[in-house]
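Chain by chain, the residues:
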Amino acid sequence: MATTTTTQGSEVQGHGAHADHGHAGHGRELQHHFETAQQQKEAATLGMWVFLVTELMLFGGIFMAYTVYRWAFPDIWAEAAHHLNTPLGALNTVVLLVSSLTVALAVNAAEEGRKQRLIRLLGVTMVLGVAFLGIKGYEYSEKFAHCAGYETPIAWATSGAPLGETECLVPGRAFVFPAAHGEAAADAHHEVTPGQSSPYQLFYLLYFIATGLHAVHMLIGLSIVGMLTFMAARGVFTSVYSTPVEIGGLYWHLIDIIWVFLFPLFYLVH
Amino acid sequence: MATTALPSRGYLEDDTPTVWAWIKSWLFTVDHKRIAILYLLAINFYFLLGGLAASVVRIELITPQGDLLSSDLYNRAFTLHGIIMVFFFLIPGIPAVLGNFLIPLMVGARDMAFPRLNLFSWYLYMIGGLFALSAAVFGGVDTGWTFYTPFSSTYSNSNVILTIAGAFVMGFSSIATGVNFIVTTHTMRAPGLTWFRLPLFVWSSYATSLIIVLATPVVGITLLLVAIERIWGVGIFDPALGGDPLLFQHLFWFYSHPAVYIMILPGFGVISELISTFSRKRIFGYEFIAFSSMAIAIIGFLVWGHHMFVSGQSVYSGLVFSFITMLVAIPSAIKVFNWTATLYKGSISYRTPMLYALGFIGLFVIGGLTGIFLGVVAIDIHVTDTYFVVAHFHYVMVGGTIMAYLGGIHFWWPKMTGRMYNEVWGGISALIIFVGFNMTFFPQFVLGYMGMPRRYHVYPQEFQVLHVLSSAGSTVLAIGFIIPLIYLTLSLWKGKLAGDNPWDATGLEWTVSSPPPAHNFDEIPVVTTEAYAYPPEAAERDAAAWRPGSPL
Amino acid sequence: MPDFPLFPEQASTFAGPIDALYGVLIALSLIFGGILPFIILYLMVRYHRSQKADRRNQPEGSLPLELTWTIIPLVLVLAVFFWGAFLYIDIRTPPARNLEIYVIGKQWMWHTQHSNGKRENNELHVPINQPVKLIMTSQDVIHSFYIPAFRVKQDVLPGRYTTMWFEATKTGEYHLFCAEYCGTEHARMVGRVVAMSLADYERWLTTPGEIILPDGSAGAGGSGSTLIPSIGDPMALAGAQLFTSLGCVGCHRDDGAGIGPSLVGLYNVETRMQDGSLVTADENYLRESILNPGAKTVAGYANVMPSYDGQLSEDQLNQLVAYIKSLSDSGSASTRLSNDQIAGVVADELK
């Protein structure tokens with residue numbers, strides 16, 4: 001994220017000490033310490049790739065925890081996953097995949113120097129990103145509404161239809177996993193009392209941490225794309241200079257790829 | 001300010017009209033050299049703070065009854081010492097100070113690839129440091145620097161979250177530095193500066209950066225999980241809540257073992273520079289030293305389980321981790337042998353940085369060899385979590401990293417400040433540190449094999465003699481660390497002007513003025529020779545020029 | 001001034017071999033770490049700039065030399081590795097017949113219970129020349145059971161069992177330390193290990209003492225004057241009573257005709273699970289199956305057992321495990337109690 005700002009076209013601020021070093025001959029998007037535009041582009045792209053690796057390792061820790069616990073409690077995890085809203089998750093996957101396409105097209109448009117097309121595609125990407133967050137937010141609020149005892153967030157807001165069974169899948173003291181369906185359901189011991197720790201809660205904790213961290217990345221991604229749109233509107237990018245769009249696009253793809261892993265891991269366990 | 005004006009306009013000078021503008025010119029600088037100085041000041045502050053905590057610990061351990069500190073205070077003291085030293089001194093130490101200052105100069109660039117990211121990393125470091133400091137001020141933290149769960153996640157009543165926040169933020173500062181080093185080394189090298197012409201310090205910093213970038217995010221997320229578990233009361237690592245305490249140890253050591261190499265690898269790079277310069281000849285086996293750094297970086301990722309031999313992991317994983325640990329000893333041995341061979345037929349001078357370098361080899365050999373003891377599971381079962389381990393990692397971390405850090409500071413001080421320090425005091429302090437260090441930590445090997453567990457402030461009577469010896473040594477060591485602080489500070493005003501290349505060293509950083517100009521190079525240099533390009537007769541000429549009275 | 005030893009006492013069968021390996025490592029280190037400094041010192045003096053020496057034909061590198069100092073250390077560390085590995089496997093493989101003692105660690109004390117029910121705090125009495133296996137768990141954080149004189153150490157984890165074994169060779173009192181940092185009074189979580197001859201141990205074992213339960217409360221030492229009640233019930237018997245009072249006996253019938261599998265002869269036997277995997281029914285499996293029955297269900301049985309998580313103390317778990325293990329103890333049939341006998345015992349108690 002910070003890597004993109006360093007390649008921002010306008011001149012570097014706050015280096016009075018460098019004033020004696022001439023800038024003659026540089027394009028205005030070339031920073032003083034690079035020799036050629038080519039070098040600057042290589043640096044920015046490589047920097048982004050290295051940063052993406054660290055991001056993958058960040059999620060890697062969560063995936064590791066996920067793997068360990070799924071291996072320890074395979075049945076419970078399959079059962080817990082049934083209570084996630086899979087259709088919405090699938091819809092979100094589609095939304096993100098389409099946004100990846102629009103970003104790829106935007107990068108292409110930037111390279112060809114087609115300003116209007118670039119702005120339009122970045123705009124569509126942002127709309128899709130916001131849609132993703134909206135759907136995700138609805139999913140979250142559904143879980144919270146269940147804790148409050150309502151069927152849907154709308155019902156919660158309007159004090160509408162209450163939820164039939166007790167269920168609270170937000171980790172914490174109020175956590176209640178609904179009594180298991182099927183064979184074991186009859187047994188009184190099986191019912192999880194509120195707040196009691198259980199592997200079910202672990203599943204939802206990891207779900208909230210992983211998707212929450214992903215949503216934070218999405219917010220960052222949105223602000224990057226927003227900034228790129230602004231820069232594009234001001235005509236910063238030309239067919240010669242479009243590095244920020246390129247590395248911003250890389251970041252967007254990363255968000256996408258992480259979701260492509262998260263979706264099956266959490267929604268499609270069986 | 002200066003008794004004699006420094007030649008040319010260095011990066012330290014600027015024409016700011018007011019004090020406020022001067023402060024701003026530092027705090028908003030994007031010059032890698034100024035950022036290095038900012039780091040130097042901050043990191044040395046934390047070093048002194050961590051050293052203070054260590055002194056408290058050593059004073060307490062003079063008597064076996066634990067009469068100076070309560071158990072709570074003692075636990076907070078050693079935790080503070082560990083956290084400050086590991087996260088705020090050893091990990092950022094050499095990369096952030098020497099690496100920031102030198103890498104652009106060494107590769108012939110005007111700055112790091114991402115100067116503002118570089119400044120940002122310093123601010124992250126300061127924020128992380130403030131978190132850790134405030135945790136210490138508002139009651140301290142008592143988990144030990146390893147934050148083992150479920151103690152840290154459920155049972156401890158201290159400022160765990162604040163401290164974790166500090167380590168977490170500091171981690172991102174490391175990542176920013178690592179990204180910068182990798183990209184700078186790849187894309188900013190001067191024309192003609194091929195990979196095998198790079199100074200070994202750049203190689204080792206590159207290897208370090210790879211580890212930083214790959215391992216730091218994992219500890220970041222791990223510590224985040226501990227914090228979430230504390231806040232939410234949901235078991236990730238606490239078995240009483242359904243979690244697995246060993247998962248924490250795996251994730252933690254997956255970072256923290258490579259972190260040991262983050263601390264020591266840059267030290268290897270510094271020592272390679274020093275040995276070559278003060279022998280006046282090309283380093284012996286350049287490629288082997290370079291590749292052994294990379295080998296350490298890679299194998300270092302596969303040995304984390306050797307911290308967990310008695311934690312309940314299976315016999316098979318114990319054997320596998322033990323085996324790989326044996327292998328990681330080899331590249332370190334290769335380095336030591338190559339340094340020794342570099343001395344052969346050189347023209348050796350005992351200048352202050354060289355004394356640190358020689359001290360480093362001696363201490364690191366002991367640290368490395370005792371690492372093999374610990375890698376053998378049968379012995380590790382007896383000595384793990386005892387003072388044997390404490391002694392071992394202090395030999396590597398203090399005897400290795402700090403000796404290299406001080407050696408590097410003494411070597412590049414004339415370049416950083418343009419002035420020379422008092423070399424008589426330099427030699428004396430190097431000697432004091434070497435002696436004091438061995439006095440402090442050698443007895444701890446014996447203590448550990450005798451069975452003295454670590455993190456105890458009351459202990460059986462029979463261990464007292466060795467503890468007293470160790471505490472006595474630590475006073476000597478403390479004096480050894482304070483002397484350089486004094487004469488280096490004095491040198492800023494009183495020191496002789498150093499000149500561009502006071503040590504007759506090779507390397508691009510010595511071709512620019514001391515201190516270097518703000519933009520480093522007027523013209524980007526074209527490199528046509530390898531690093532350490534001393535002509536074959538350099539050593540002979542140097543020895544022939546020696547007269548009684550010239551520096552030893 | 002106290003005495004000033006450099007080695008801890010050797011009081012177990014491991015101490016000798018480990019010290020021997022340690023000695024060899026020190027010798028090897030002296031060869032490398034001792035000779036190398038002298039080479040460096042020699043070179044420092046010989047090639048100091050003030051010395052006249054032949055500095056022509058400097059070598060820049062030498063593949064044979066590099067290979068030499070790669071291969072020789074490699075061979076040496078591998079030799080050391082294999083030596084250490086075999087020793088390690090020994091340390092981690094308890095002999096089939098051993099004396100089992102249960103250990104519970106808690107902030108900040110050690111609680112041990114012998115098979116006849118006798119309990120101790122911060123002390124461990126063991127016989128010499130007899131393999132002893134400790135089955136350990138923690139009530140709270142991670143601890144580590146460390147007896148330097150025996151050269152053994154094992155972390156004690158909450159939520160699972162870890163085991164460790166040793167054979168003491170010398171009578172005496174030795175340090176017992178907690179080696180894993182466990183909080184405020186970590187340094188005071190110490191005690192002593194008393195190694196005694198087998199006869200003394202047996203006498204000690206049957207001497208009634210104060211019973212202190214791991215929660216710190218003093219147990220009912222005995223209104224009765226008989227020996228057994230004041231020692232407490234043997235662990236297997238206490239487990240058997242739990243087995244009945246919790247109703248386990250209704251499903252886990254000896255003849256295998258119950259809803260659950262028979263537990264007779266189960267311990268330490270590889271058992272086929274529902275998902276087709278083979279699991280050795282060790283202490284940790286038994287523990288897991290009591291607390292989280294659905295995790296690994298035996299093939300042919302439905303997952304209908306309720307979880308006993310939160311309903312049993314560590315102490316009671318130990319007793320249940322000890323009882324289930326006694327069902328496989330064919331060697332000493334006298335201690336083996338069938339379900340019918342238990343029912344009898346319990347019935348007697350209730351009268």
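Residues numbered from 1 in each chain as written. Chains lettered and ligands numbered in written order. Predicted model: local features only at pLDDT ≥ 70, side-chain atom pairs only at ≥ 80, totals over all residues.

> Explain the overall build of chain C to me, please; I cannot follow it from the model alone.
Along its length, chain C carries nine helices and 12 strands. Taking all 351 residues of chain C together, 37% fall into the buried category. For chain C, the proportion of contacts with a sequence separation of at least 24, taken over those separated by at least 6, is 64%. (Helix = DSSP H or I, 4+ residues; strand = E, 2+ residues; numbered from the N terminus. Buried ≥ 20, exposed ≤ 12 C-beta atoms within 10 Å, placed from the backbone. Contact = placed C-beta atoms within 7 Å.)

> Explain the overall build of chain A here, please?
For chain A, the helix and strand inventory stands at eight helices and zero strands. Taken from N to C terminus, the helices and strands of chain A fall in the order α-α-α-α-α-α-α-α. Scored against the burial criterion, the 270 residues of chain A give a buried share of 38%.

> Is there a simple way to explain the interface of chain C and chain B in this structure?
Where the parts come together, the accessible area they lose is often given as the size of the interface. Every contact between the two is made by 73 residues of chain C and, on the other side, 78 residues of chain B. Secondary-structure elements contributing two or more residues to the side of chain C that touches chain B are α1 (15–46), α2 (63–92), β6 (143–147), β7 (152–156) and β9 (172–178) of chain C. For the side of chain C that touches chain B, the element with the highest residue contribution is α2 of chain C, accounting for 16 residues. Broken down by class, the residue content of the side of chain C that touches chain B amounts to 43 nonpolar, 16 polar and 14 charged. (Nonpolar A, V, L, I, M, F, W, Y, C, P; charged D, E, K, R; others polar.)

> Help me understand the pairing of strand β10 (residues 191–196) of chain C, please; the structure alone is not making it clear to me.
Strand residues, when the strand is regular, have side chains that alternate between the two faces of the sheet. All names here are of chain C. Of the two faces of β10, the one lined by Gly 191, Val 193 and Ala 195 is fully buried and the one lined by Arg 192, Val 194 and Met 196 carries no buried residue. Two strands pair when backbone bridges link them, and strand β4 (residues 123–127) and β10 are joined in this way by five bridges, in the parallel orientation. The residue of β10 that forms the bridge with Val 126 is Ala 195. Examined bridge by bridge, β9 and β10 share five bridges and lie antiparallel to one another. Residue Leu 176 lies in a different strand from β10, and its bridge partner there is Gly 191. (Pairing = 2+ DSSP bridges.)

> In this structure, what is going on with the pairing of strand β8 (residues 162–167) of chain C? I would like to understand it.
Residues and elements named next belong to chain C. Burial of β8 is extensive: five of the six residues sit out of reach of the surface. Strand direction decides the pairing type here: strand β5 (residues 131–138) and β8, joined by six bridges, are antiparallel. Bridging across to β8, Pro 131 finds its partner in Glu 167.

> Would you take a moment to explain the packing of helix α14 (residues 387–417) of chain B against helix α15 (residues 423–450) of chain B for this structure?
When two helices pack together, you describe them by how their axes are tilted relative to each other and by the distance separating the axes. Residue and element names in this part refer to chain B. Packing of α14 against α15 leaves a shortest axis separation of 7 Å and a crossing angle of 165°. By the angle between their axes, α14 is roughly antiparallel relative to α15. Crossing geometry of α14 relative to α15 is assigned as left-handed. On α15, the residues touching Tyr 387, Phe 388, Val 389, Val 390, Ala 391, His 394, Tyr 395, Val 398, Gly 399 and His 410 of α14 are Gly 426, Phe 437, Phe 441, Gln 444, Phe 445, Leu 447, Gly 448 and Tyr 449. (Axes fitted to C-alpha atoms, helices over the stretch in contact; angles between N-to-C directions. Parallel < 35°, antiparallel > 145°, perpendicular 65-115°, else oblique. Left-handed = near helix turned anticlockwise from the far one by under 90°.)

> Looking at this structure, I do not really get the sheet that holds β7 of chain C. What am I missing?
Backbone hydrogen bonds are what pair the strands of a sheet, in a parallel or an antiparallel way. Residues and elements named next belong to chain C. Ordered by their spatial adjacency, five strands build an open sheet running β4-β10-β9-β6-β7, and the pairing between neighbours is mixed. Looking at strand neighbours, the two that pair on one side only are β4 and β7, the edges of this open sheet. Across the sheet, the mean angle separating the axes of adjacent strands is 20° when strand polarity is ignored. Taken together, the five bridges between β6 and β7 define a ladder with antiparallel strand orientation. Counted as the bridge partner of Tyr 146 is Lys 153 from β7. Its contacts with the sheet place helix α3 (residues 198–206) against β4 and β10, and it is angled at close to 135° to β4.

> Just to check I follow, could you spell out unusual backbone geometry for this structure?
With the exception of glycine, most residues fall at negative phi, and the peptide bonds are largely trans. Here the residue pair Thr 149 of chain B and Pro 150 of chain B is connected by a cis peptide bond, since its omega of -5° sits within 30 degrees of zero. Mapped onto the elements, Pro 150 of chain B comes out in the loop between α5 (115–137) and α6 (151–155). Located in the positive-phi region is Arg 455 of chain B, a residue other than glycine, with phi close to 65°. Despite not being glycine, Asn 268 of chain C has its phi angle at roughly 65°, a positive value.

> When you look at helix α8 (residues 200–232) of chain B in this model, what are you seeing that I'm missing?
Owing to its 3.6 residues per turn, the α-helix brings residues three or four apart onto one side. Residues and elements named next belong to chain B. With 33 residues, α8 extends 47 Å between its outermost C-alpha atoms, agreeing within 8% with the 48 Å of an ideal straight helix rising 1.5 Å per residue. Within α8, 27 of the 33 residues are buried, which leaves the element mostly enclosed by the surrounding structure. Once α8 finishes, Gly 233 follows within two positions and takes phi at roughly 70°, a positive value. (Expected span 1.5 Å × (residues − 1).)

> What am I meant to see in the nonpolar core here?
Residues Leu 206 of chain A, Ile 84 of chain B together with Val 103 of chain C are the most contacted members of the largest nonpolar core, which totals 332 residues. Not counting residues up to four positions away in its chain, the partners in contact with Leu 206 of chain A are Ile 62, Ala 65 and Tyr 66 of chain A. (Core = buried A, V, L, I, M, F, W, Y, C linked by C-beta atoms within 7 Å.)

> Just checking my understanding: could you explain the sheet that holds β8 of chain C for this structure?
Residues and elements named next belong to chain C. Sheet architecture is open: five strands sit in the order β3-β2-β1-β5-β8, paired in mixed fashion. The sheet terminates laterally at β3 (119–121) and β8, the two strands that pair on one side only. Here the strands of the sheet are splayed against their neighbours by 25° on average, with no regard to which way each runs. Examined bridge by bridge, strand β1 (residues 99–106) and strand β2 (residues 109–113) share five bridges and lie antiparallel to one another. Across the sheet, Gly 105 pairs through a bridge with Trp 110, a residue of β2.

> When you look at the environment of Thr 506 of chain B in this model, what are you seeing that I'm missing?
Residue and element names in this part refer to chain B. Among the structural elements, Thr 506 can be located in the loop between α16 (464–494) and α17 (538–544). Sequence separation between Thr 506 and Ser 55 is 451 residues; the distance between their C-alpha atoms is 40 Å. Discounting chain neighbours no more than four positions away, the residues touching Thr 506 are Ala 531, Tyr 532, Ala 533 and Tyr 534.

> Would you explain the domain arrangement of chain C in this entry?
Residue and element names in this part refer to chain C. Domain assignment breaks chain C into domain 1 (1–41 + 66–226) and domain 2 (233–350). Counting from both sides, the interface comprises 13 residues of domain 1 and, opposite them, 11 residues of domain 2. Going through the elements one at a time, β1 and β5 are the ones with two or more residues in the side of domain 1 that touches domain 2. Looking at the side of domain 1 that touches domain 2, its residues break down into six nonpolar, six polar and one charged. (Domains from an automatic or database assignment.)

> How should the environment of Pro 353 of chain B be read in this particular structure?
All names here are of chain B. By secondary structure assignment, the location of Pro 353 is in helix α12 (residues 352–375). Taking the C-beta count within 10 Å as the criterion, Pro 353 has 26 such neighbours and is therefore assigned buried. Residues Pro 353 and Phe 278 lie 75 residues apart in sequence; the distance between their C-alpha atoms is 8.6 Å. Residues within four places of Pro 353 in sequence aside, it is in contact with Leu 274, Gly 407, His 410 and Phe 411.

> Would you explain the confidence of the model for chain C in this entry?
When pLDDT drops low, the exact placement of atoms in the prediction is not to be read closely. Residue and element names in this part refer to chain C. With 85% of its residues at a pLDDT of 70 or more, chain C shows a mean pLDDT of 81. Predicted confidence for residues 331–338 stays below pLDDT 50, and this span has 11 contacts to residues more than four positions away or in other chains. The ipTM value of the predicted complex is 0.87, and its pTM value is 0.86. (pLDDT = per-residue confidence, 0-100.)

> Before we go on, may I ask you to explain the packing of helix α9 (residues 245–279) of chain B against helix α10 (residues 286–299) of chain B in this structure?
Residues and elements named next belong to chain B. Remark: α9 packs on α10, axes separated minimally by 11 Å, with the N-to-C direction vectors making an angle of 175°. By the angle between their directions, the pair α9 and α10 is classed as roughly antiparallel. Residues Tyr 261, Leu 265, Phe 268 and Ser 272 of α9 pack against Ile 289, Ser 293, Ile 296 and Ala 297 of α10.

> I keep staring at the confidence of the model for chain A and nothing clicks. Help me out?
Residues and elements named next belong to chain A. Residues with a pLDDT of 70 or more make up 80% of chain A, whose mean pLDDT is 78. Helix α4 (residues 86–112) holds the highest mean pLDDT among the elements of chain A, 91, whereas helix α1 (residues 2–6) holds the lowest, 38. When the criterion is pLDDT under 50, residues 1–26 qualifies, and its contacts beyond four places in sequence or with other chains add up to 48 contacts.

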